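Structure assessment
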Amino acid sequence: MAAVNSCLPLRAGIGLRAAHYQTMLETLPDIAWLEIYGENYFGAGGQPQAVLRQLRAHYPLSIHCVGLSLGSAQGLDRAHLAKLKTLVERFAPAQVSDHLSWGAVDGRHFNELLPLPYNEESLALVCRNVAISQDYLGRRILLENIARYLSYSDPYSTIPESVFLAEVARRTGCGILLDLNNLYVTSRNLAAEADPLSYLNDLEASSIGEIHLAGFEEEASCLIDTHSRPVSPAVWALYAQSIALFGPVPTLIEWDKDIPALSVLLNEARRADQILLAAAQAAPG
Amino acid sequence: MAKLDKIRRQEISHTGQHDGASPLSLLALQRAVAEALSAERMFATTAPDWLAPPALAQCQEAKEGSAETDSLSRLILYRKHFLANFRQALAADYPVVERLVGAEFFSFAAHNFTRQTPAQSGNLNDYGASFAAFLACFAPAKGLPYLADVARLERAIVDIALAADAPPNDFSCLHQVSPEAFMQLRFTLHPALRLIRSPYPIRRIWQANQASVLIPPVIDLSAGGDCLLLRRQPSVPGSGQGAYRLELIALEVAEYVWLNALGEGKTLDAASAEAFSIEASFALEKCLQVHLAAQTLLNFSGDTEG
């Protein structure tokens, strides 16, 4: 299978947030690519679209979604998918992604990334929803591992997440968006999870299209994927191990709450870039 | 692949041994989770059988209760987060309503709204469109009769921000239309504008309760209502920076009625008749000029050959 990681530059990007619109437009900083939350650009027009039109001329783009609900047993919301398609056609992104999760049942949406049980039934369902999305969008998508705070008991969850993700990628041809903060948070929160290194070993390097890095907080003895802090030392270590294992992968710095000055994000991205550069130089050819 | 095959064999042998009730299907499981998340309170003291205990290390660190209550606490955490997300989404769209009622009452109203009005879209930005209608009927808020209209004003601002862009109007052929045909024309309004009418002075209430105003002045509620035209304008014409500013324009009642009728697709003749019935001295020609120049009126249709 062809590698999916050739689409975005093999460098660090940052999440574009409204708080940074003006600074981004005025300074056009040296950053290899940008990622947006697709749903924030579903409107017909206005400032988000206008800003993105201008920035798109300077940066490759990744469209990351939170609302496709690829794990919903009742299937996909076609209206949501149609809006994503319009956005994809308008801005020609290098990558399109959403999560391995569900968020709606019986027409009721929770706007949360809720965890799935991993078994044969959910595997078939996610593969079907991913395949429908890819057919409809006319392109490959990336599927991201979420941060989980609960898991399902035996016999509901029978397949490790890493094996589940790898199998969805094998059956549908989709790529994987490996969120290392989520992987770390989940492995700390849940007893049944494999250690992160054996998780990484279950994945094919060629299927990893993008890596996400972010910061977490702790609440009631649970690590929460808040995207409100710098990347933690433990996640940086996991990142270095991942790059050593998979080679350079486009890497995003995500920050959504208590958003700092743009320069803070750019510094985090620079740190990721150094690790990516070192890996690229170490690799033969 | 080999790993998954091995798991499959284990799964088959496991389900063979499983002599209790069959596990829930994925759909039934998602309904059970949805029910747990939507419950007004977590009454259960024992975790449902589908919920696995959290990490052992974490439980030992926490040293409170059994693994079972800890797994319940994880469900409660999800519930707390999803309610907080909705409250935050509402607060982002209705900051003046929050300031008027205070954070605590706003949380109470938001929580009640979320219970009554489940989100119907995977896009959180869509949430809360009917918050004004909810507030109008929300008994605990009836001491603030203007609150729902302020919420309508705030929702209009949200809608305007993401409304479609439109190229400048071109009315160069309008002067070729004969006077009789002219009055039969229909106009469309710019998509990034809204008309709002309230018996309360919602414009002053809204302005006085912006975050930048430290101490809101006293507003006389009996001073009369508002007819407002809200629209999105580029912040600096031609700057191309993508920023917009909001314009709140107070209209005369007749002018409001006239624009509203045009927005409903009525002919210029019918809309003007409505305006004249309100105000005999309604300045039709001036209003037409002003709103053509300001791009309020975007397009027209009708028999232009006259």
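The rules behind each value
- Residues numbered from 1 in each chain as written.
- Chains lettered and ligands numbered in written order.
- Predicted model: local features only at pLDDT ≥ 70, side-chain atom pairs only at ≥ 80, totals over all residues.
- Helix = DSSP H or I, 4+ residues; strand = E, 2+ residues; numbered from the N terminus.
- Rg over C-alpha atoms; globule rule 2.2 N^0.38 Å.
- Buried ≥ 20, exposed ≤ 12 C-beta atoms within 10 Å, placed from the backbone.
- Contact = placed C-beta atoms within 7 Å.
- Pairing = 2+ DSSP bridges.
- Axes fitted to C-alpha atoms, helices over the stretch in contact; angles between N-to-C directions.
- Core = buried A, V, L, I, M, F, W, Y, C linked by C-beta atoms within 7 Å.
- Expected span 1.5 Å × (residues − 1).
- Arc of directions from axis to C-beta.
- Nonpolar A, V, L, I, M, F, W, Y, C, P; charged D, E, K, R; others polar.

Things to note about the overall build of chain A
The number of helices and strands found in chain A is nine helices and 13 strands. Computed over its C-alpha atoms, the radius of gyration of chain A comes to 18 Å, within 12% of the 19 Å expected for a compact globule of 285 residues. Looking at the 285 residues of chain A, the share that counts as buried comes to 55%. Within chain A, contacts between residues at least 6 apart in sequence are counted, and of these 78% link residues at least 24 apart.

Considering the overall build of chain B
When helices and strands are tallied, chain B shows 13 helices and six strands. Residues classed as buried in chain B amount to 32% of the 306 residues present.

Things to note about helix 6 (residues 180–189) of chain A
Along helix 6 of chain A, ten of the ten residues are buried, which leaves the element largely enclosed by surrounding structure. If you check which residues of helix 6 of chain A are buried, you get Leu180, Asn181, Asn182, Leu183, Tyr184, Val185, Thr186, Ser187, Arg188 and Asn189 of chain A.

Re the sheet that holds strand 5 (residues 244–250) of chain B
Residues and elements named next belong to chain B. Judged by pairing direction, the sheet is antiparallel, and its three strands sit side by side in the order 3-4-5 without closing on themselves. The open sheet has two edge strands, strand 3 (193–198) and strand 5, and neither has a second partner. Pairwise comparison of adjacent strand axes, ignoring direction, gives a mean angle of 20° for this sheet. Of the pairings in the sheet, the one linking strand 4 (residues 226–234) to strand 5 comprises seven bridges and is antiparallel in character.

So, unusual backbone geometry
The peptide bond linking Asp154 of chain A to Pro155 of chain A adopts the cis configuration, its omega dihedral lying at 5°. By secondary structure assignment, the location of Pro155 of chain A is in the loop between strand 8 (151–152) and helix 5 (161–172). One non-glycine residue, Asp258 of chain A, lies in positive phi territory at about 50°. Considering the arrangement of structural elements, one finds Asp258 of chain A in the loop between strand 13 (251–253) and helix 9 (262–282). Positioned with a positive phi, Gln295 of chain B is a non-glycine residue whose angle comes to about 65°. By the element assignment, Gln295 of chain B lies in the loop between helix 13 (284–293) and strand 6 (297–301).

Thoughts on the nonpolar core
Within the largest apolar cluster, 147 residues are counted, with the highest numbers of intra-cluster contacts made by Leu143, Ile176, Leu180, Leu213 and Ile253 of chain A together with Val150 and Ala151 of chain B. With seven residues, helix 8 (residues 147–161) of chain B is the largest single contributor of residues to this core. Beyond its immediate stretch of four places on either side in the chain, Ile253 of chain A contacts Ala12, Ile14, Gly15, Leu213, Leu265, Glu268, Ala269 and Ala272 of chain A.

With respect to the environment of Asp77 of chain A
Following the sequence through the fold, Asp77 of chain A ends up in the loop between strand 3 (61–64) and helix 3 (78–91). Asp77 of chain A sits in the buried class, given 21 other C-beta atoms within 10 Å. Considered as a pair, Asp77 of chain A and Ala283 of chain A are 206 residues apart in the sequence and their alpha carbons are 43 Å apart. For Asp77 of chain A, the contacting residues outside a window of four places in its chain are Ser69 of chain A together with Gly122 of chain B.

Some points on helix 9 of chain A
All names here are of chain A. Along its 21 residues, helix 9 runs 30 Å from first to last C-alpha, staying within 8% of the 30 Å computed at 1.5 Å per residue. The complete set of buried residues in helix 9 reads Leu265, Glu268, Ala269, Ala272, Asp273 and Leu276. Angularly, the buried residues of helix 9 cover 145° about the axis, an arc narrow enough to put them on a single face. Turned more than 90 degrees from where helix 9 packs its buried face, Ser263, Gln274, Gln281 and Ala282 sit exposed. Buried-residue contacts for helix 9 involve strand 1 (12–15), strand 10 (208–213), helix 8 (233–246) and strand 13.

A look at the interface of chain B and chain A
At the junction of the two partners, chain B supplies 55 residues and chain A supplies 57 residues. Of all the elements in the fold, those that place two or more residues in the side of chain B that touches chain A are helix 1 (2–17), helix 2 (26–38), strand 1 (51–52), helix 3 (56–62) and helix 4 (67–93) of chain B. In terms of residue count, helix 4 of chain B provides more of the side of chain B that touches chain A than any other element does, nine residues in total. Grouping the amino acids of the side of chain B that touches chain A by side-chain chemistry returns 30 nonpolar, 17 polar and eight charged.

Here's the deal with the sheet that holds strand 7 (residues 142–144) of chain A
All names here are of chain A. Pairing in this closed barrel of eight strands is parallel, and the strands run 1-2-3-4-7-9-10-13 around the ring. For this sheet the average axis-to-axis angle between neighbouring strands, irrespective of direction, equals 25°. Pairing geometry for strand 2 (residues 33–37) and strand 3, over four bridges, is parallel. From the neighbouring strand, Glu35 faces strand 3, where its bridge partner is Ser62.

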